[in-house]
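# Structural characterization, general
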Amino acid sequence: MLRRFTLVLVTVLTALTGMGARTAFAKMTPEEVLALMTLEDKVNLVVGTLRDYVYWPEPAPGMPVRSQGPVEDSRGATAFTSGDVEGAAGETYAIERLGIPSIVLADGPAGVRIDATRADDEMTYYCTAFPNATLLAATWDTDMVNNVGAAVGSEAQSYGVDILLAPGINIIRNPLGGRNFEYYSEDPFLAGKMGASFIRGVQSNGVGATVKHFVANNQETTRNGIDVVVSQRALRDIYLEPFRIAVTEGKPMAVMTAYNKVNGTVMPENRFLLTEILRDEWGFDGFVMTDWWAEGSGDKQIAAGNDMLMPGTWRQYDEIMKAIEVGSLDIEKLDQSVLNILRAIKNTPTGAGRRHDNKPDLESHATLARQVATQGMVLLKNNDKTLPLENRQKVALFGNGSYDTFIGGTGSSKVNNKYKVNIAEGLESAGKILDPSLSQFYTKHISDYKADKPADDMWNTAVTPEAAISQEEIIRAANNNDVAIITIARMAGESADRTLTEGDWFLSDAERQNLVNITSAFHELGKPVVVLLNMGSIVDMTDWNDLPDAILHIWLPGQEAGHAVADVLSGKVNPSGRLPFTIARRYQDYGSANEFPHSENPATVYYTDDIFVGYRHFYHNKIAPLYKFGHGLSYTVFHISIIRDRDETDPDMIVVDVTNTGDRNGAFTFLSFEDNELRDNPTKQVYAPYELIGFGKTKVLSPGETQRLRVKIR
Ligand code: GLC
């Protein structure tokens, strides 16, 4: 004991004398480093370095008045430059006296978000734009999602990013949710499993993952402060459940709190959820950060268990200092947050002293992006085997999205990628012959519209209004081509929900008119029409679903969009995606239709549908959807044999043999649902009729090939 005490004393003395101070962090435990930190060090560490240019809101009485304008952070760089990784979302405070480095945090779920170019630097810093989250979920392939996470984490490490601000795993509660494209599913089990897989992938590179937004960020309207009123059961079973799975199975380095309130308490100050549930019940041992510029006061956020305040403001710094001074915040709480952060920093590439080379493997990641995109596309409808196109070479390609394809959403998830392949280019590179008159028209229509618009940026993407194509042009196209393909595209982004308007939830007049006229003209000549849905969620399909012969949901498929669409349409890849959410016959059929905020800016949203979200609602209320959760067609057929269903040898396993009994290669996903009508229910509690409890995907099976799937049940 004496020897150990002496060793610690020598270590601390060495550090104190400054001989080893700069190496203290590298050589000492977080606890030992904490012992050397001043109060100012501690508060600097828990408040991000941005330190807003203006002290806002105005300082409370007794608070110091801060200077305006850029402030120097600990490394001498002006705040908001995010140090040497320009365009990153934020960073932590370096404490050079103790060798505590600043670490870099960057978005996002579809790829690393940093600036692609830097002043006075001839190098470029492009990142891969992977497919969006709903497409990843639609693959139902946790290994593939793990691979995407690993690739994104690898690019983060290459560019010096220590913590990735992803995945987003909030429940898709309503099709108008502005960030649905960034989330996985309406089902907590699928969302949690996908989140855990992505986290493990990211962290396999030593880069931290951040699961977000904890919890109940299911709408963007008044996101900064809207109060979500939800029952404890729905909170547990639906909204917390994905985070429980992701935290316990993915073990993320960080959790990001949501902006909103839950049952009256703003999330960064919600001690019950942050400490009693997240840490005490689930055993989360990483650190919790706020979302950027979240509401709430710094001292209450720390007290609740929100360890880091991002991107950091002097207001929060002063609130914490003042609270410690007057004793309303225990120093032990602050120390706990500091320890949580120090432990995390130690496990980051910068904390571990790893160098980065700014040379990510963009080529292999582009190949992966294309492969994943083909695996997540969902074939909703395919009458008379319209698809694959095979010998239909001449294509009449309609819709702005065919020529200016949306590859991702707007906001913090937007990636600065080097290129994108539009559907038109993808089809041409696959050998299809596009109708030249339509190509010229749409190309000009889009460039004319964009000519006087500002260039796209993080928050804004110019969306060209759809043009009504003349009857004459449509008839000409029908005569000159083998097939019509129409892309319906929708953009979405954080900070705003979508709206029940023409051109958003509903088709625009031009879109509807084109669809009617094109299907009529092509069907007149016995030629098929294919619709592609280029969006992260869905649009109203009520009165047009019956018109086309085939419908393929391509989501926001990332930078390799066109190649992936061509791979599926041509039959090179057999679509194996399945819907991660329900598509209703009409908007009013959704359980949240009436409560969702829509356009007004409510202070409160009531989750009156309780546990009946998504398919749980449709089954419970016996409402027939247009396309059900888990729906997805294939170009081949499969036979399923149940070998074992949770028998005494293994009560948590379902074993099935999947045989490809068709004539084309294809992969199959087996889904298993609990039938709650059969469960013992002595308390007569109301349950959702069915709940997803397991799933598994085969490899690509050749015709006649069988694979035995072992599906672990939750
Ligand atoms: C944004 C988003 C969050 C993102 C963060 C940093 O407002 O809500 O998802 O990670 O700020 O960009």
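Residues numbered from 1 in each chain as written. Predicted model: local features only at pLDDT ≥ 70, side-chain atom pairs only at ≥ 80, totals over all residues. Heavy atoms only, no water.

Residues in a regular strand project their side chains so that they alternate between the two faces of the sheet. Of all 7 residues in strand 15 (residues 483-489), 7 are buried, a share of seventy percent or more. Strand direction decides the pairing type here: strand 13 (residues 394-398) and strand 15, joined by 4 bridges, are parallel. Paired with Phe398 across the bridge in strand 15 is Ile486. Direction of pairing for strand 15 relative to strand 16 (residues 529-534): parallel, over a ladder of 6 bridges. Each residue of the ladder has a partner; that of Ile488, found in strand 16, is Leu533. Handedness of the β-α-β unit built from strand 15, helix 18 (residues 509-524) and strand 16 comes out right-handed. (Buried < 20%, exposed > 50% of the residue type's maximum accessible area, 1.4 Å probe, protein only. Helix = DSSP H or I, 4+ residues; strand = E, 2+ residues; numbered from the N terminus. Pairing = 2+ DSSP bridges. Right-handed = clockwise from strand over helix to strand, strands pointing away.)

In a beta sheet, neighbouring strands are held together by backbone hydrogen bonds and run either parallel or antiparallel to one another. Overall, mixed pairing links the 6 strands, which are arranged 1-2-5-6-8-11 in an open sheet. What marks the edges here is a single partner per strand, and that holds for strand 1 (90-91) and strand 11 (287-289). Pairing of strand 2 (residues 104-106) with strand 5 (residues 163-164) involves 2 bridges; the strand directions are parallel. Across the sheet, residue Leu105 finds its bridge partner in strand 5, namely Ile163. Strands strand 6 (208-214), strand 8 (254-257) and strand 11 of the sheet are contacted by helix 9 (residues 271-281), whose axis makes an angle of about 150° with strand 11. (Contact = heavy atoms within 4.5 Å. Axes fitted to C-alpha atoms, helices over the stretch in contact; angles between N-to-C directions.)

Next up on the list: the environment of Ser576. Inspection of the secondary structure puts Ser576 in the loop between helix 19 (561-570) and strand 18 (604-606). Judged by its relative accessible area of 5%, Ser576 is buried. Sequence-wise, Ser576 and Leu547 are 29 residues apart; in three dimensions their C-alpha atoms are separated by 23 Å. Residues within four places of Ser576 in sequence aside, it is in contact with Ala138, Gln375, Met377, Ala667, Thr669 and Lys697. For Ser576, the side chain forms a polar contact with the side chain of Gln375, separated by 3.2 Å. A distance of 2.7 Å separates the side chain of Ser576 from the side chain of Lys697, its partner in a polar contact. (Polar contact = N/O pair within 3.5 Å; in protein donor to acceptor, adjacent residues only side chain to side chain.)

Now for empty space enclosed by the protein. Rolled over the atoms, a probe with the dimensions of a water molecule shows which regions are left empty. Within this structure, the stated rule accounts for 3 cavities of 30 Å³ or more. Taken together, 18 residues line the largest cavity, and the ones lying closest to its centre are Ile172, Arg173, Pro175, Glu186 and Tyr590. Residues that form the lining of the largest cavity fall into these classes: 8 nonpolar, 7 polar and 3 charged. (1 Å grid on protein atoms, 1.4 Å probe; cavity = no way out; pocket = protein on both sides within 12 Å on 5 of 7 lines; lining within 4 Å. Points joined across faces, edges and corners; volume = space filled by probe spheres on them. Nonpolar A, V, L, I, M, F, W, Y, C, P; charged D, E, K, R; others polar.)

For the rest of this paragraph, the subject is helix 8 (residues 232-250). Residues lying three or four places apart along an α-helix face the same way, a consequence of the helix completing one turn every 3.6 residues. Of all the bends in helix 8, the greatest reaches close to 60° and is centred on Leu240; the proline Pro242 follows between one and four positions later. Of the residues making up helix 8, those classed as buried are Ala234, Leu235, Ile238, Tyr239, Leu240, Glu241, Pro242, Phe243, Ile245, Ala246, Val247 and Gly250. At its buried positions, helix 8 is contacted by helix 7 (188-203), strand 6, strand 8, strand 9 (261-262), helix 9 and helix 20 (615-620). (Bend = angle between axes of the 7 residues up to and from the residue.)

All right, on to the environment of Glu281 then. By the secondary structure assignment, Glu281 is in helix 9. In the structure, Glu281 is positioned 198 residues away from Asn479 in sequence and 66 Å away in space, judged by C-alpha atoms. With residues near it in sequence (within four places) discarded, Glu281 still touches Arg236 and Glu276. Reaching out from Glu281, the side chain makes a polar contact with the side chain of Arg236 at a distance of 2.4 Å.

Right, let's get into unusual backbone geometry. Cis geometry is found at the peptide bond from Ala166 to Pro167, where omega equals 10°. Position of Pro167 relative to the elements: it lies in the loop between strand 5 and helix 7. The amide bond that connects Met310 to the next residue, Pro311, takes the cis arrangement and shows omega of -5°. One non-glycine residue, Ala216, lies in the positive phi region at around 70°. Mapped onto the secondary structure, Ala216 falls in the loop between strand 6 and strand 7 (227-229). Residue classification places Ala216 among the buried residues on the basis of a relative accessible area of 1%. Here Asn358, not a glycine, exhibits a phi torsion of approximately 55°, which is positive.

If you walk through the whole model with that rule in mind, you get 21 aromatic pairs. Taking 5.2 Å as the distance between ring centres and 75° as the angle between the ring planes, the aromatic pair formed by Phe214 and Phe243 counts as edge-to-face. Of this pair, Phe214 sits in strand 6 while Phe243 sits in helix 8, and the two are 29 residues apart along the sequence. Looking at Phe214, the relative accessible area reads 0%, which means it is buried. (Phe/Tyr/Trp six-rings, centres within 6.5 Å; stacked < 30°, edge-to-face > 60°.)

This brings us to the confidence of the model for the protein chain. With 93% of its residues at a pLDDT of 70 or more, the protein chain has an overall mean of 93. In the predicted structure, residues 14-19 sits below a pLDDT of 50 and forms 8 contacts with residues beyond four places in sequence or in another chain. Under a pLDDT of 50 for its full length, residues 68-82 has, in the predicted model, 35 contacts with residues more than four places off or in other chains. (pLDDT = per-residue confidence, 0-100.)

Strand order in the open sheet formed by 3 strands is 19-20-23, with antiparallel pairing between adjacent strands. The sheet is open, and its two edges are formed by strand 19 (638-645) and strand 23 (706-712), each paired on a single side. Going from strand to strand, the sheet's axes swing by 25° on average, the running direction of each strand aside.

Around the ligand sit 13 residues, and of these Asp107, Arg179, His213, Tyr259 and Asp291 come closest. Out of a free accessible area of 310 Å², the ligand has 93% covered by protein chains. Residues belonging to the shell around the ligand are distributed by class as follows: 5 nonpolar, 2 polar and 6 charged. (Near = heavy atom within 4 Å. Areas by Shrake-Rupley, 256 points an atom, 1.4 Å probe, with all protein chains shown as cover.)

So, about the pattern of salt bridges. This structure, assessed with the given rule, holds 38 salt bridges. For the salt bridge of Arg490 with Glu511, the shortest nitrogen-to-oxygen distance reads 2.8 Å. You can see Arg490 sitting in the loop between strand 15 and helix 18 and its partner Glu511 sitting in helix 18, a full 21 residues away along the chain. Looking at Glu511, the relative accessible area reads 8%, which means it is buried. With its nearest N and O atoms 3.7 Å apart, the salt bridge here joins Glu691 to Arg616. Here the residue Glu691 occupies a position in strand 22 (residues 690-697), and Arg616 occupies one in helix 20, the gap between them amounting to 75 residues. Under the relative-accessibility criterion, Glu691 is labelled buried at 11%. (Salt bridge = Lys/Arg side-chain N within 4 Å of Asp/Glu carboxyl O.)

Examined against the element boundaries, Asn382 turns out to sit in strand 12 (residues 378-382). For Asn382, the residues in contact, after removing those within four places along its chain, are Leu387, Asp549, Ala550, Leu633 and Tyr635.

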